[in-house]
Amino acid sequence: QVQLVESGGGLVQAGGSLRLSCVASGSFFSINAMAWYRQAPGKQRELVAVISRSGSTNHADSVKGRFTISLDNAKSTAYLQMNSLKPEDTAVYYCNANIRPSGGVWSKDYWGQGTQVTVSS
């Protein structure tokens, strides 16, 4: 059973920083990619940033230059460093990972439970 556990959310003032972590645990063969999504109240879930196993990254235009995704393959952990936070960054942030589970032929998408990020003005 593969699980993703996020941590690092909280309340921060505008202009501040937070670092989110997402640890993949359980029995799996490989992690193909990990990503962060967010969902604000009344809005659809949106992709924030994605990173491949090789380290290639892509960030949403709204966070470019402020957020950075990284991946520690040895620790099966993805990070999202968030700087210069704005009130509009307030949302529940979800970790997503495309993982090939042990004993499986196909890779699957897994989701974490989400962590709240609140940015006050």
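Rules behind the numbers
- Residues numbered from 1 in each chain as written.
- Predicted model: local features only at pLDDT ≥ 70, side-chain atom pairs only at ≥ 80, totals over all residues.
- Heavy atoms only, no water.
- Helix = DSSP H or I, 4+ residues; strand = E, 2+ residues; numbered from the N terminus.
- Rg over C-alpha atoms; globule rule 2.2 N^0.38 Å.
- Contact = heavy atoms within 4.5 Å.
- Areas by Shrake-Rupley, 256 points an atom, 1.4 Å probe, with all protein chains shown as cover.
- Lys, Arg positive; Asp, Glu negative; His and termini not counted.
- Charge placed at Lys NZ, Arg CZ, Asp CG, Glu CD.
- Disulfide = S-S within 2.5 Å.
- Salt bridge = Lys/Arg side-chain N within 4 Å of Asp/Glu carboxyl O.
- Buried < 20%, exposed > 50% of the residue type's maximum accessible area, 1.4 Å probe, protein only.
- Polar contact = N/O pair within 3.5 Å; in protein donor to acceptor, adjacent residues only side chain to side chain.
- Pairing = 2+ DSSP bridges.

A. Molecular detail of the overall build of the chain. Broken down by element type, the chain carries zero helices and 11 strands. What you see in the chain, going N to C, is helices and strands ordered as β-β-β-β-β-β-β-β-β-β-β. For 121 residues, the compact-globule estimate of 2.2 N^0.38 gives 14 Å, and the C-alpha radius of gyration of the chain, at 14 Å, lies within 12% of that figure. Taken along the three principal axes of its C-alpha coordinates, the chain extends 50 × 25 × 25 Å. At a minimum sequence separation of 6, the contacts of the chain that also span at least 24 residues come to 56%. Accessible surface, the chain: about 6,500 Å² in total, of which carbon and sulfur atoms supply 48%. Looking at the chain, you have 11 positive and 7 negative side-chain charges, and the mean spots of the two groups are 5 Å apart.

B. Examining the state of the cysteines more closely. On inspection of all chains with the given rule, the structure shows one disulfide. Between the sulfur atoms of Cys22 and its disulfide partner Cys95 the distance amounts to 2.0 Å. The sign of the S-S torsion, about -80°, decides the handedness of the disulfide formed by Cys22 and Cys95: left-handed. With Cys22 in strand E3 (residues 18–25) and Cys95 in strand E9 (residues 91–101), this pair connects stretches of sequence that are 73 residues apart.

C. Region of the structure containing the pattern of salt bridges. Tallied over the full model, the rule gives four salt bridges. Close ionic contact of Arg38 with Glu46 constitutes a salt bridge, the shortest N to O distance being 2.6 Å. A relative accessible area of 7% means that Arg38 is categorised as buried. In this structure, Lys64 and Asp61 form a salt bridge, with 3.2 Å as the shortest nitrogen-oxygen distance. Judged by its relative accessible area of 65%, Asp61 falls in the exposed class. Salt bridges sharing common partners tie together Arg38, Glu46, Arg66 and Asp89.

D. Highlighting the side chain of Arg38. Note on placement: Arg38 falls in strand E4 (residues 28–39). A polar atom in the side chain of Arg38 sits 2.9 Å from the side chain of Asp89. Here Tyr93 takes part through its side chain, which lies 3.0 Å from a polar atom of the side chain of Arg38. If near-sequence neighbours (up to four positions away) are discounted, Arg38 is found in contact with Gln44, Arg45, Glu46, Val48, Ser62, Val63, Phe67, Asp89, Ala91, Val92 and Tyr93.

E. The pairing of strand E1 (residues 3–7), seen in detail. Burial of the side chains of E1 is restricted to one face: Leu4 and Glu6 are buried, whereas none of Gln3, Val5 and Ser7 on the reverse face is. By the bridge criterion, five bridges tie E1 to E3 in an arrangement that is antiparallel. Among the inter-strand pairings, Val5 is bridged to a residue of E3, identified as Val23.

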